[in-house]
Amino acid sequence: MSERAASRTAVLVCQGRAAADGRAGTGRFADPVAVRLLRAEERTPVEQVRANTPPTGWRERAAYEGVLACAEVVVPRTVAIDEALRAHAGDQLVILGAGLDTRAWRLSELARTDVWEVDHPASQQDKLDRLPAEQSAVSRSVRFTPVDFALDDLGTALDGAGHDPSTPTAWLWEGVVPYLTRDEVRATVAALAARTAPGSVLVVNYQSPSTRAAAGRLLTRFLGSSITSGEPWRSLWRPEQLATLLDEYGLRVLSDDNLLDLAHTHGIPPQGRTSLRSGRVAVAESR
Ligand SMILES: C[S@@+](CC[C@H](N)C(=O)[O-])C[C@H]1O[C@@H](n2cnc3c(N)ncnc32)[C@H](O)[C@@H]1O
């Protein structure tokens, strides 16, 4: 098992959702569970963003700006993914690199769905430590399945956790692809495709190459954020590259949109962040 710390980007994304809850994308976006997964010190920048009160110290200000930027990205991303999952809710949902995902605790459409949360062992343990005892899942079940995509066999882990490869599965892979090498992405697609019965769907959020987004991450690093520096981006995909890869494994892309377009489609006015253009959500079905 690999030695590594729990994901900090997972915390940042959760902070973004907590900051946006009830403030952005009203009527389309809500994540009241997110804040409950945050520790006291992680809630501080969230509260500052919600109150629109930027702090003065540079380190605090960097944390504030990180949460603010993240909130803008996660709203259209969450709304688009939730909609795709509602449309394809069935017996099984596997969330790859789940981080502090809250869907099993907030999406009532999953009442008849077994959810597998697959994540790096360190990140998964961190989530288990954070989950309040009184927070019960709304999905039929949640099965925590530790997997390091760089080292472990996903199929073996899912077999051990009771996933049925002969029943259709909705696969969700949100905010993880950039942190994997191209070979790890391919290996994960191959492993999930081998367990993808007809009628299955894959919802994948990934990053396409963008000079602006790369410059933004460099700037964040320069400003002292150890969050992004600890978890570097390892692979960016152009839509046609991802479609070709998925096609090789029997998955046909039905839609693939950038977050800016998704924000417009879902009636969530963006604040003009061009970074929304490089984040994408693709939905593919088994052929
Ligand atoms: C940015 S977080 C996204 C979390 C969640 N999907 C979301 O959107 O809120 C990245 C996630 O990828 C997971 N991850 C990154 N590399 C991984 C690996 N090699 N094996 C398993 N999980 C990994 C991290 O543990 C973390 O939970």
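Our structure's up above, just so we're on the same page.
Residues numbered from 1 in each chain as written. Predicted model: local features only at pLDDT ≥ 70, side-chain atom pairs only at ≥ 80, totals over all residues. Heavy atoms only, no water.

Trainee: For the packing of helix H7 (residues 182-193) against helix H10 (residues 239-248), give the residues involved together with the corresponding values.
Mentor: Running from amino to carboxyl end, H7 crosses H10 at an angle of 40 degrees, the nearest separation of the two axes being 10 Å. What the angle tells us is that H7 and H10 run oblique. Crossing handedness for the pair H7 and H10: right-handed. Counting all contacts with H7, which are made through Arg 182, Val 185, Arg 186 and Val 189, the residues of H10 involved are Gln 241, Leu 245, Leu 246 and Glu 248. Taken together, the residues of the contact of H7 with H10 break down into four nonpolar, one polar and three charged. (Axes fitted to C-alpha atoms, helices over the stretch in contact; angles between N-to-C directions. Helix = DSSP H or I, 4+ residues; strand = E, 2+ residues; numbered from the N terminus. Parallel < 35°, antiparallel > 145°, perpendicular 65-115°, else oblique. Left-handed = near helix turned anticlockwise from the far one by under 90°. Contact = heavy atoms within 4.5 Å. Nonpolar A, V, L, I, M, F, W, Y, C, P; charged D, E, K, R; others polar.)

Trainee: Mind laying out the pattern of salt bridges, listing which residues take part and the relevant values?
Mentor: Side chains that carry opposite charge are capable of pairing whenever their charged atoms lie near each other. Summed over the entire model, instances satisfying the criterion amount to 23 salt bridges. One network of salt bridges, in which partners are shared, links Arg 17, Asp 31, Arg 77, Asp 82, Asp 101, Arg 103, Arg 106 and Glu 174. (Salt bridge = Lys/Arg side-chain N within 4 Å of Asp/Glu carboxyl O.)

Trainee: Any details on the sheet that holds strand E5 (residues 201-207)? Residues and values, ideally.
Mentor: With respect to topology, seven strands assemble into an open sheet ordered E3-E2-E1-E4-E5-E7-E6, the strand pairing being mixed. The two strands at the open ends of the sheet, each matched to only one other strand, are strand E3 (141-146) and strand E6 (251-258). This sheet shows a mean twist of 15 degrees between the axes of neighbouring strands, independent of strand direction. In the sheet, strand E2 (residues 114-119) pairs with E3 via six bridges, with the strands oriented parallel. Following the sheet pairing, Glu 117 is matched in E3 by Phe 144. The strands that H7 touches are strand E1 (92-96), strand E4 (169-173), E5 and E6; relative to E4, the one it contacts most, it runs at about 165 degrees. (Pairing = 2+ DSSP bridges.)

Trainee: Requested: an account of empty space enclosed by the protein, with residues and values cited.
Mentor: Within the structure shown, the criterion is met by one cavity of 30 Å³ or more. Estimated volume of the largest cavity: approximately 40 Å³. What lines the largest cavity is Ala 6, Ser 7, Ala 10, Gly 99, Leu 100, Asp 119, Ser 123 and Asp 126. (1 Å grid on protein atoms, 1.4 Å probe; cavity = no way out; pocket = protein on both sides within 12 Å on 5 of 7 lines; lining within 4 Å. Points joined across faces, edges and corners; volume = space filled by probe spheres on them.)

Trainee: So, the packing of helix H2 (residues 40-51) against helix H3 (residues 58-87): which residues are in play, and what are the values?
Mentor: When two helices pack together, their arrangement is captured by the angle between the axes and the distance separating the axes. Between H2 and H3, the shortest axis-to-axis distance is 9 Å and the interhelical angle comes to 65 degrees. Classified by the angle their axes make, H2 and H3 are roughly perpendicular. Here the hand of the crossing between H2 and H3 comes out right-handed. Contacts between H2 and H3 involve Pro 45, Val 46, Gln 48 and Val 49 from the former and Ala 63, Tyr 64, Val 67 and Leu 68 from the latter.

Trainee: Account for the packing of aromatic side chains, naming residues and giving values.
Mentor: Aromatic rings considered in pairs are described by the distance between their centres and by the relative angle of their planes. A complete count under the given rule lists one aromatic pair for this structure. Arg 182 extends its terminal NZ or CZ atom over the ring of Trp 237, reaching a point 4.0 Å from the ring centre. (Phe/Tyr/Trp six-rings, centres within 6.5 Å; stacked < 30°, edge-to-face > 60°. Lys NZ or Arg CZ within 6 Å of the ring centre and 35° of its normal.)

Trainee: Residues and numbers for the site of the ligand, please.
Mentor: For the ligand, the set of nearby residues contains 22 residues, the closest of which are Gly 97, Asp 119, Ser 123, Phe 149 and Glu 174. Separating an oxygen atom of the ligand from a side-chain N or O atom of Arg 77 is a distance of 2.9 Å. Measuring from a nitrogen atom of the ligand, one finds a backbone N or O atom of Phe 149 at 2.9 Å. Computed on the free molecule, the ligand has an accessible area of 580 Å², of which 98% lies beneath the protein chains in the complex. (Near = heavy atom within 4 Å. Polar contact = N/O pair within 3.5 Å; in protein donor to acceptor, adjacent residues only side chain to side chain. Areas by Shrake-Rupley, 256 points an atom, 1.4 Å probe, with all protein chains shown as cover.)

Trainee: Could you give an account of the environment of Glu 60, with specific residues and numbers?
Mentor: Along the chain, Glu 60 turns up in helix H3. Accessibility expressed as a relative area gives 44% for Glu 60, which makes it partly exposed. The sequence separation of Glu 60 and Pro 45 amounts to 15 residues, and the corresponding C-alpha distance is 7.5 Å. (Buried < 20%, exposed > 50% of the residue type's maximum accessible area, 1.4 Å probe, protein only.)

Trainee: A description of the environment of Asp 126 should follow, citing residues and the corresponding values.
Mentor: Along the chain, Asp 126 falls in helix H5 (residues 121-130). The sequence separation of Asp 126 and Ala 5 amounts to 121 residues, and the corresponding C-alpha distance is 9.2 Å. Within polar-contact distance, the side chain of Asp 126 engages the side chain of Arg 39 at 3.3 Å. A polar atom in the side chain of Asp 126 sits 2.9 Å from the side chain of Arg 130.

Trainee: Before we move on, could you go through H5 and cite the residues and values that matter?
Mentor: Those residues of H5 that fall on the buried side of the exposure criterion are Pro 121, Ser 123, Gln 124, Asp 126, Lys 127 and Arg 130. Elements in contact with the buried residues of H5: helix H1 (8-20), H2, helix H4 (103-106), E2 and E3.

Trainee: If you had to explain the nonpolar core to someone new, which residues and values would you point to?
Mentor: Residues Leu 85, Leu 93, Leu 172 and Val 203 are the most contacted members of the largest nonpolar core, which totals 47 residues. Beyond its immediate sequence surroundings of up to four residues, Leu 172 is in contact with Ile 81, Leu 85, Leu 93, Val 94, Ile 95, Leu 96, Asp 101, Arg 103 and Val 203. One finds Val 147, Leu 154, Val 176 and Ala 191 within the second-largest nonpolar core, a separate group that totals 28 residues. (Core = buried A, V, L, I, M, F, W, Y, C linked by side-chain atoms within 4.5 Å.)

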